[in-house]
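Listed below, chain by chain, are the residues.
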Amino acid sequence: MTVLTPRDARTFVLDNTALMAPPHVPEVLLHLADEAHDLWLRTEDELAAIGLPPPFWAFAWAGGQGLARHVLDNPAIVRGKSVLDFASGSGLVAIAAAKAGAARVTAADIDPFCETAIALNLEANGVQTDFLGTDCVGTDAGWDVVLAGDVFYDRQFADSLMPWFAALKARGAEILVGDPGRAYLPKAGLESLGVYQVAVTRALEDAEVKRTTVWRLA
């Protein structure tokens, strides 16, 4: 069995995805997996055996779609600003920020395969962002806006995010989160900016539509 490395990821991404527009963000094209691709059917253990972390970059998650839609519909949020797209995955939200006129966008994700997937998606959309492949939780590069789609799915991870978000907010950053009702979304300290009914894949979400809220750290 051939073990993948980030170096040969480009061919793997192209072979296991198709270029398509997420339902809620038709302005953006992404290399995504669907039912037609073998990647969809593989278990986490099978992916690990070929050296691939769970391919979150291959799917347009509801939180990211809602957040990207909100940014595109409200470009003043990012226009002319320095933006971090945290846990970027496919780069959907980063691409939306770039299209909305952000001065500089950094797509951050610790999965090394995301760098390749995001580069392909940037190419498909004719925009540019930086990529940060290290864990940036607890750091501060002076971003004006931090965007985070679908990050409250794990208790320990969620608990690590809120103090960081609060510190960034305290020094003046705007923090926006897209969330479709994940279990560990904080119950306080968030202001709703908009609600979106996002079409999703039942195999991923056990639903065909997810009610997704864009929250602002208050």
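Keep in mind the model is a prediction, meaning the values are calculated, not measured.

A. Local environment of the overall build of the protein chain. Scanning the protein chain from terminus to terminus reveals eight helices and nine strands. A compact globule built from 218 residues would reach a C-alpha radius of gyration of about 17 Å, and the protein chain, at 16 Å, matches this within 12%. Of all 218 residues assigned to the protein chain, the portion counted as buried reaches 50%. Pairs at least 24 apart in sequence give 67% of the contacts found in the protein chain among residues at least 6 apart. Carbon and sulfur atoms form 52% of the exposed surface of the protein chain, whose accessible area is close to 10000 Å². Considering the protein chain, the positive charge centre built from 17 side chains and the negative charge centre built from 28 side chains are found 8 Å apart.

B. Structural view of helix H1 (residues 9-16). Restricting attention to buried positions, one finds in H1 the residues Ala9, Phe12, Val13 and Asn16. In an axial view of H1, the angular spread of the buried residues amounts to 100 degrees, which keeps them on one side of the axis.

C. Fine view of the packing of helix H4 (residues 62-73) against helix H5 (residues 92-99). As a packed pair, H4 and H5 sit with axes 9 Å apart at the nearest point and diverge in direction by 5 degrees. Accordingly, the angle class assigned to the pair H4 and H5 is roughly parallel. Contacts between H4 and H5 involve Gly64, Gln65, Leu67, Ala68, Val71 and Leu72 from the former and Leu92, Val93, Ala96, Ala97 and Lys99 from the latter. Of the residues contributing to the contact of H4 with H5, the split by class is eight nonpolar, two polar and one charged.

D. Fine view of the pattern of salt bridges. Under the defined criterion, the tally for this structure stands at nine salt bridges. Between Arg10 and Glu123 there is a salt bridge, with the nearest N and O atoms lying 3.8 Å from each other. Within this pair, whereas Arg10 is found in helix H1, its partner Glu123 is found in helix H6 (residues 112-125), the two being separated by 113 residues in sequence. Between Glu174 and Arg216 there is a salt bridge whose closest N-O contact spans 2.9 Å. Here Arg216 lies in strand S9 (residues 209-217) and Glu174 lies in strand S7 (residues 174-179), a separation of 42 residues in the sequence. On the basis of relative accessible area, Glu174 is assigned to the partly exposed category, the value being 27%. The class of Arg216 is partly exposed, set by a relative accessible area of 23%. A cluster of three or more residues bridged by salt bridges with shared partners is formed by Lys169, Glu174, Glu191 and Arg216.

E. Structural detail: the packing of aromatic side chains. Under the criterion given, the structure shown has nine aromatic pairs. Taken together, a centroid distance of 6.4 Å and an interplanar angle of 85 degrees make the contact between Trp143 and Trp164 edge-to-face. With a gap of 21 residues between them, Trp143 in the loop between strand S5 (130-132) and strand S6 (145-149) and Trp164 in helix H7 (residues 155-170) connect regions that are remote in the sequence. Judged by its relative accessible area of 5%, Trp164 falls in the buried class. An aromatic cluster of three or more residues is present, and its members are Phe56, Phe59, Trp61, Phe86, Trp143, Tyr153, Phe157, Trp164 and Phe165.

F. Expanded view of the packing of H1 against H6. Running from N to C, H1 and H6 cross one another at 60 degrees; their axes reach a closest spacing of 9 Å. Judged by the inter-axis angle, H1 sits oblique to H6. The two elements H1 and H6 meet at a crossing, and its hand is right-handed. Counted together, Ala9, Arg10, Val13 and Leu14 of H1 and Phe113, Thr116, Leu120 and Glu123 of H6 form the full contact between these two elements. Looking at the contact of H1 with H6 residue by residue, the class counts come to five nonpolar, one polar and two charged.

G. Inspection of the pairing of S6 at higher detail. Among the five residues that make up S6, five are buried, leaving the element largely enclosed by the rest of the structure. Of the strand pairs in this sheet, strand S3 (residues 82-86) and S6 are connected by four bridges, and their pairing is parallel. Paired with Asp85 across the two strands is Leu147, which belongs to S6. Of the pairings in the sheet, the one linking S6 to S7 comprises five bridges and is parallel in character. Following the sheet pairing, Leu147 is matched in S7 by Leu176. Regarding topology, H7 serves as the crossover connection from S6 to the parallel S7, and that connection is right-handed.

Cut-offs and rules
Residues numbered from 1 in each chain as written. Predicted model: local features only at pLDDT ≥ 70, side-chain atom pairs only at ≥ 80, totals over all residues. Heavy atoms only, no water. Helix = DSSP H or I, 4+ residues; strand = E, 2+ residues; numbered from the N terminus. Rg over C-alpha atoms; globule rule 2.2 N^0.38 Å. Buried < 20%, exposed > 50% of the residue type's maximum accessible area, 1.4 Å probe, protein only. Contact = heavy atoms within 4.5 Å. Areas by Shrake-Rupley, 256 points an atom, 1.4 Å probe, with all protein chains shown as cover. Lys, Arg positive; Asp, Glu negative; His and termini not counted. Charge placed at Lys NZ, Arg CZ, Asp CG, Glu CD. Arc of directions from axis to C-beta. Axes fitted to C-alpha atoms, helices over the stretch in contact; angles between N-to-C directions. Parallel < 35°, antiparallel > 145°, perpendicular 65-115°, else oblique. Nonpolar A, V, L, I, M, F, W, Y, C, P; charged D, E, K, R; others polar. Salt bridge = Lys/Arg side-chain N within 4 Å of Asp/Glu carboxyl O. Phe/Tyr/Trp six-rings, centres within 6.5 Å; stacked < 30°, edge-to-face > 60°. Left-handed = near helix turned anticlockwise from the far one by under 90°. Pairing = 2+ DSSP bridges. Right-handed = clockwise from strand over helix to strand, strands pointing away.

Note that every value here comes from positions in space, so none of it alone points to a role or purpose.
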